[in-house]
Amino acid sequence: MPASNSTMIRKLQFALNQKGYRILSNRSQFYSNEQNRPVTMYKITQSVWDKDKQRYKHVELFTSASEIQIVLFLRNLWYLVNDKPIPKTNKMKGAAEFERKWNAFLELWKPN
């Protein structure tokens, strides 16, 4: 088992890219006056060829301030592209929000 969520994100990203999905992960920070601290946002995008512009564009797949939600998203995506049943999400803080975001993603997902 990887030592950290960041390591797991890199491994899942690498595995998906080996299948040709061109998955990218990005981090950005902003200062939250409400929480009185910097907040890190994580974003998963996919590079998709734009035939009209003859270049790759980045399509946002998932965004969260929770690194574990990013891991769960990539895990679910890995199971999805390999035609395997997706395991249930453990009861954790933010599980309901993750399930809502995952279901919204599934409505729009178009595999390669």
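Anything mentioned here points back to the structure above.
So, a few notes on the structure that sits alongside this text. (Residues numbered from 1 in each chain as written. Predicted model: local features only at pLDDT ≥ 70, side-chain atom pairs only at ≥ 80, totals over all residues. Heavy atoms only, no water.)

The next point concerns the packing of helix H1 (residues 5–18) against helix H2 (residues 67–81). In contact at an axis separation of 9 Å, H1 and H2 are set at 25° when each is read in the N-to-C sense. The orientation of H1 relative to H2 falls into the category roughly parallel. Every pair of crossing elements has a handedness; the one defined by H1 and H2 is left-handed. Together, Asn-5, Ser-6, Met-8, Ile-9, Leu-12, Ala-15 and Leu-16 of H1 and Glu-67, Ile-68, Ile-70, Val-71, Leu-74, Arg-75, Leu-77, Trp-78 and Val-81 of H2 make up the contact between the two elements. Of the residues belonging to the contact of H1 with H2, the class tally is twelve nonpolar, two polar and two charged. (Axes fitted to C-alpha atoms, helices over the stretch in contact; angles between N-to-C directions. Helix = DSSP H or I, 4+ residues; strand = E, 2+ residues; numbered from the N terminus. Parallel < 35°, antiparallel > 145°, perpendicular 65-115°, else oblique. Left-handed = near helix turned anticlockwise from the far one by under 90°. Contact = heavy atoms within 4.5 Å. Nonpolar A, V, L, I, M, F, W, Y, C, P; charged D, E, K, R; others polar.)

What follows is about the packing of aromatic side chains. As enumerated under the stated definition, the model contains five aromatic pairs in all. Ring plane angle 75° and centroid distance 5.0 Å describe the contact between Trp-49 and Tyr-56, whose orientation is recorded as edge-to-face. Its relative accessible area of 36% is what places Tyr-56 among the partly exposed residues. Look at Trp-102 and Phe-105: their rings are 5.3 Å apart centre to centre, the planes differ by 35°, and that puts the pair in the tilted class. In this pair, Trp-102 and Phe-105 are both assigned in helix H3 (residues 95–108), three residues apart and thus about one turn of the helix distant. (Phe/Tyr/Trp six-rings, centres within 6.5 Å; stacked < 30°, edge-to-face > 60°. Buried < 20%, exposed > 50% of the residue type's maximum accessible area, 1.4 Å probe, protein only.)

A word on the pattern of salt bridges. Should the charged atoms of two oppositely charged side chains come close, the side chains can pair. Summed over the entire model, instances satisfying the criterion amount to one salt bridge. A salt bridge links Lys-43 to Glu-60, with the nearest nitrogen and oxygen atoms 3.7 Å apart. Of this pair, Lys-43 sits in strand S2 (residues 37–50) while Glu-60 is found in strand S3 (residues 55–64), placing the two residues 17 residues apart along the sequence. (Salt bridge = Lys/Arg side-chain N within 4 Å of Asp/Glu carboxyl O.)

Sheet strands associate in pairs through backbone hydrogen bonding, adopting either a parallel or an antiparallel arrangement. On the basis of which strands lie adjacent, the open sheet formed by three strands has the order S1-S2-S3 and antiparallel pairing. The sheet is open, and its two borders are formed by strand S1 (23–32) and S3, each paired with just one other strand. The mean inter-strand angle of the sheet, taken between neighbouring strand axes irrespective of direction, is 35°. Sheet topology places S1 next to S2; ten bridges connect them, and they run antiparallel. In the strand pairing of S2, Ser-32 is matched with Arg-37. Strand contacts of H2: S1, S2 and S3, with the helix running at about 120° to S3, the strand carrying the most contacts. (Pairing = 2+ DSSP bridges.)

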